[in-house]
Amino acid sequence: MSKPSLPQGTRDFSAQVVRKRSYIFQTIRQVFELYGFQPLETPAMENLDTLMGKYGEEGDKLIFKILNNGLDRPEKHEKARAEFEKVLAGRNVKEITERALRYDLTIPFARYVAMNHGQLTFPFKRYQMQPVWRADRPQKGRYREFYQCDADVVGSNSLLNELELVHIYAGAFSKLKIPVEIRINNRKILAALAELCGGADKLTDITIAIDKLDKIGIDKVREELGQRGLQEGQIDQISRYLGIEGSNQHKMDQLQALLGNNALGQAGLAELAYLIGEAGTLPAGTQLVADFTLARGLNYYTGTIFEIKAMGVQMGSIGGGGRYDDLTGLFGVPNIPGVGISFGVDRIYDVMEELNLFPEEVQTGTRLLFFNLGAAEGSASFRSMQVLRSRGIACELYHEPAKFDKQFKYAEKKGIPYVAMMGAQELATGKCVVKQLSTGTQETLDLSAFEAGWQPA
RNA sequence: GAGAUUGUAGCUCAGUUGGUUAGAGCGUCAGAUUGUGGCUCUGAAGGCCGGGGGUUCGAAUCCCCUCAUUCUCCCCA
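About the thresholds
- Residues numbered from 1 in each chain as written.
- Chains lettered and ligands numbered in written order.
- Predicted model: local features only at pLDDT ≥ 70, side-chain atom pairs only at ≥ 80, totals over all residues.
- Heavy atoms only, no water.
- Pairing = 2+ DSSP bridges.
- Helix = DSSP H or I, 4+ residues; strand = E, 2+ residues; numbered from the N terminus.
- Axes fitted to C-alpha atoms, helices over the stretch in contact; angles between N-to-C directions.
- Parallel < 35°, antiparallel > 145°, perpendicular 65-115°, else oblique.
- Left-handed = near helix turned anticlockwise from the far one by under 90°.
- Contact = heavy atoms within 4.5 Å.
- Nonpolar A, V, L, I, M, F, W, Y, C, P; charged D, E, K, R; others polar.
- Phe/Tyr/Trp six-rings, centres within 6.5 Å; stacked < 30°, edge-to-face > 60°.
- Buried < 20%, exposed > 50% of the residue type's maximum accessible area, 1.4 Å probe, protein only.
- Lys NZ or Arg CZ within 6 Å of the ring centre and 35° of its normal.
- 1 Å grid on protein atoms, 1.4 Å probe; cavity = no way out; pocket = protein on both sides within 12 Å on 5 of 7 lines; lining within 4 Å.
- Points joined across faces, edges and corners; volume = space filled by probe spheres on them.
- Domains from an automatic or database assignment.
- Salt bridge = Lys/Arg side-chain N within 4 Å of Asp/Glu carboxyl O.
- Polar contact = N/O pair within 3.5 Å; in protein donor to acceptor, adjacent residues only side chain to side chain.
- Near = heavy atom within 4 Å.

Asks: Could you clarify how one ought to interpret the sheet that holds strand β4 (residues 99–101) in this entry?
Replies: Sheets are built from strands paired through backbone hydrogen bonds, the pairs being either parallel or antiparallel. The three strands lie next to each other as β2-β4-β3, forming an open sheet whose pairing is antiparallel. Strands at the two margins of the open sheet, each flanked by one partner only, are β2 (45–47) and β3 (65–66). Bridging between β3 and β4 involves two bridges; their strand directions are antiparallel. Its bridge partner lying in β4, K65 is registered against A100.

Structure (C-alpha cells):
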C-alpha cells in the first residue's frame, strides 16, 4: 500500500484557507448581486460534443475526458477495440468517451443560453463560480483543478454593459482592498492596426505577439512578428503603436493620429473614449487605464477587452474579459452577442496573502470552549453550551474530563479566544468563570446572567 | 509535448572520500504540574533513505531505469 496522495495539480483546502477563499467569493458575489446578476450552476461534466472544437487544437488536448462505463461487457468488446484504434490515431470517439469535465464556464454558459433562449429574458445577466479542470502541466499559480468566477451579459450590444462591468471590477477589488489597474482596449483598434499594416488576416498573429509584450519585451515581439511573416515597415508601425504612452487622453490623441480615418479604428476608439469618459469617479485604489498593448489571447473577442493588474505585487493578471459576438452561434442559436468578465480567484488569493489583506474576522471559528471538569460538571456545561449555541454563539465542550493544562492548550491551538470553567465550586454556587486567553483576565458570572447575556468581544 | 530540479521521521532539513546501530529542529504523546495555558526541563514514540535493478566485501551516498515533486518553455487563469 503506497502512501495516499493527490492527483497532480489538485489541492486540499484546510479550514483557514477555505475561510479566506469564501471571503473572496462572498465579496465578489455581493457585488454581482448588487448589479442584478443571477447565479447559475452547471454540471461538472458536459457532453464531449459540447466542448470539443471550442478552445482550439491545444485546448481540445487539455480537456479531461471521462471513460464510458460498461466497456467490460462482452458484447461491446469488439466495438470498443475498433474504436480504441481510432483514439490511438488521435480521434475522440463516442464509443469510448462521450463525456468530459468542464474546461471553462463560458462554453457551458453558451450551451445553457442556447438550450433555454426561449425562456430567458434578455439581456440575460448571469454569474457563475465553479471549479474547472484542465489537463495542463501544473506550475506556479497553475492547477489542473481551479475556480473560475465569471459574470456575463448576453443579448445586448449596449456599451452600458461594459460600463457596469468596469464598476463591478472596481467595486469588488475596492472591497477586497486590492489596488488595481483596470486596463481596457478594443479589438476593433487592434483590427484597424492589422488593416493598416497590410493584412487583416494577420490579426491573430499580431494579437498573439502583442500579448507577450509584458513577458518578453519589445525586441522579442518584433522578432516574433517577423517570424509570423510581417514586413519591417509594418513592424515599425506596430512598434510605434505599442510605444504610445501618457495619460488616457494623451494616448487616445496619439492613437487618433496613428489610425487616421480608418473606420474600424475610429469605432473602437469611440467606444474606448465613451467608457473612459462615462466611468466617472472610481473607488479609491482602483483606476481605469487605456492600454493599447493589451491584446488577450482568446480570439473570440470582438470589441472591448479588459484585464486586471494588481499593483504592488509581481503577479500576472488577476482577471480579464471582453465582448464577443454570437457566442451561441456554435450551438445553432445565432445573433446573441455578449460581454463578460472573469475573476482569477486563486491568484487573487495569492495577492491578498502577499499584501496581508485578509481581515482578522475571516478566521473566526469557535468563540468559547467549555472546560470538562468531570461527569456532573460536564453535563452542566453541556446544558449551558446549548443555551449559548441557541443564541448563535459558536462553542465547544472539551470532549472528555482532562487536566486544565490540556484543555487550555486545546483552546490555544484552535484559536478559541474564551474558555468557560464550571467546576464543583461553581456548580455549588450557581456561577461560571469565563476567561479571555489573550489577556489572561477572567471574571466570575452568575450562571443565569452568563447564559442569557454573555457575548464574545 | 520539450528542458531543468528535488525525493531521508508528521513538517523543515543535515548526513563527510562509499564504512558499524541514519541525525537535528519543530510538531505529537507522556511526566515534572489533581482548579488556571503560553515559558522551561526530562523522557518516549515515530524511518523499506520514493520504488526497482546494478557496481562493491560494504550503498542514503556511485551508475541505469522508473515513479513522484517543483519550476521554465508551449498554452493559459
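Asks: Even after reading the chapter, I still don't get the packing of helix α7 (residues 187–196) against helix α10 (residues 232–242), so can you show me in this structure?
Replies: For any two helices packed against each other, one specifies the crossing angle of their axes together with the interaxial distance. For the pair α7 and α10, the least separation of the axes is 10 Å and the interaxial angle reads 150 degrees. Taken together, the axis directions place α7 and α10 in an arrangement best described as roughly antiparallel. When the axes of α7 and α10 are compared, the crossing they make is right-handed. Each of I189, L190, L193 and L196 in α7 lies in contact with α10, whose residues at this interface are Q237, I238 and Y241. Class assignment for the residues of the contact of α7 with α10 results in six nonpolar, one polar and no charged.

Asks: What's the story with the packing of aromatic side chains in this structure? I'm lost.
Replies: For any pair of aromatic rings, geometry is given as the distance between the ring centres together with the angle between the planes. Tallying each qualifying case throughout the model produces 23 aromatic pairs. Here the aromatic rings of Y23 and F358 are separated by 6.3 Å at their centres, their planes lie at 65 degrees, and the arrangement is edge-to-face. Of this pair, Y23 sits in helix α1 (residues 15–34) while F358 sits in the loop between α13 (345–355) and β12 (368–370); the two residues are 335 residues apart in sequence, bridging distant segments of the chain. What makes F358 buried here is its relative accessible area of 12%. Aromatic side chains F32 and Y127 sit 5.3 Å apart centroid to centroid with 40 degrees between the ring planes, which places their arrangement in the tilted category. Remark: Y127 occurs in strand β5 (residues 124–133) and F32 occurs in helix α1; sequence separation between them is 95 residues. The class for F32 is buried, based on a relative accessible area of 0%. In this structure an aromatic cluster arises from ring pairing among F32, F37, Y127, Y169, F173, F306 and F343. If you follow R11 out to its NZ or CZ, it ends over the ring of Y143, 3.5 Å from the centre. R134 extends its terminal NZ or CZ atom over the ring of Y103, reaching a point 4.2 Å from the ring centre.

Asks: Whenever I open this one, the layout of surface pockets confuses me. Can you help?
Replies: To find leftover empty space, one rolls a probe the size of a water molecule over the atoms. Space inside the second largest pocket adds up to approximately 430 Å³. Along the walls of the second largest pocket sit 16 residues, with Q363, T364, G365, K414 and G415 positioned nearest its centre. The residue inventory of the lining of the second largest pocket, partitioned by class, reads three nonpolar, six polar and seven charged. Inspection of the lining of the second largest pocket shows a minimum of three residues originating in each of domain 1 (15–43 + 105–355) and domain 2 (364–452).

Asks: What is the right way to look at the domain arrangement of chain A in this model?
Replies: The domain architecture assigned to chain A consists of domain 1 (15–43 + 105–355) and domain 2 (364–452). For domain 1 and domain 2, the distance between their C-alpha centroids amounts to 52 Å.

Asks: For this particular structure, what's the right way to read helix α5 (residues 106–116)?
Replies: Since the α-helix packs 3.6 residues into each turn, any two residues three or four apart lie on the same face. Of all eleven residues in α5, nine are buried; the element is thus mostly enclosed. Residues T106, I107, P108, F109, A110, R111, V113, A114 and N116 constitute the buried set of α5. Elements that come into contact with the buried residues of α5 comprise β2, α2 (48–51), β5, β6 (145–154) and β10 (319–324).

Asks: Could you clarify how one ought to interpret the pattern of salt bridges in this entry?
Replies: As a working rule, side chains carrying opposite charge can pair if their charged atoms are close by. Counting across every chain of the model gives 22 salt bridges. Note that E224 is salt-bridged to R228, the shortest N-O span being 3.1 Å. Relative accessible area serves as the criterion here: at 13%, E224 is assigned to the buried category. For R296, the salt bridge identified is with E307, shortest N-O distance 2.7 Å. Taken together, the residues span a long stretch of sequence, with R296 in the loop between β8 (286–290) and β9 (301–310) and E307 in strand β9 at a distance of eleven residues. In terms of burial, R296 and E307 fall into one category: buried. Sharing partners across several salt bridges, the network here consists of D205, K212, E224 and R228.

Asks: Help me out: how do you make sense of the side chain of T97 in this one?
Replies: Secondary-structure assignment places T97 in the loop between α4 (74–88) and β4. Polar contacts involving the side chain of T97 include one to the main-chain carbonyl oxygen of I66, which spans 2.8 Å.

Asks: Explain the protein's contact with RNA strand B here, please?
Replies: With respect to spatial proximity, 31 residues lie near RNA strand B, and among them R134, R142, Y143, K406 and K413 are the closest. Near the protein, meaning within 4 Å, the atoms of RNA strand B are sugar or phosphate in a fraction of 45%, with bases accounting for the rest. In this structure, Y143 approaches RNA strand B through a main-chain N or O atom, which is 2.7 Å from a base nitrogen. Between a base nitrogen of RNA strand B and a side-chain N or O atom of E412, the distance comes to 2.9 Å. Broken down by secondary-structure element, the contributors of at least two residues to the surface near RNA strand B are α15 (404–413) and α16 (424–429). Along the lines of polarity and charge, the residues of the surface near RNA strand B split into eight nonpolar, eight polar and 15 charged.

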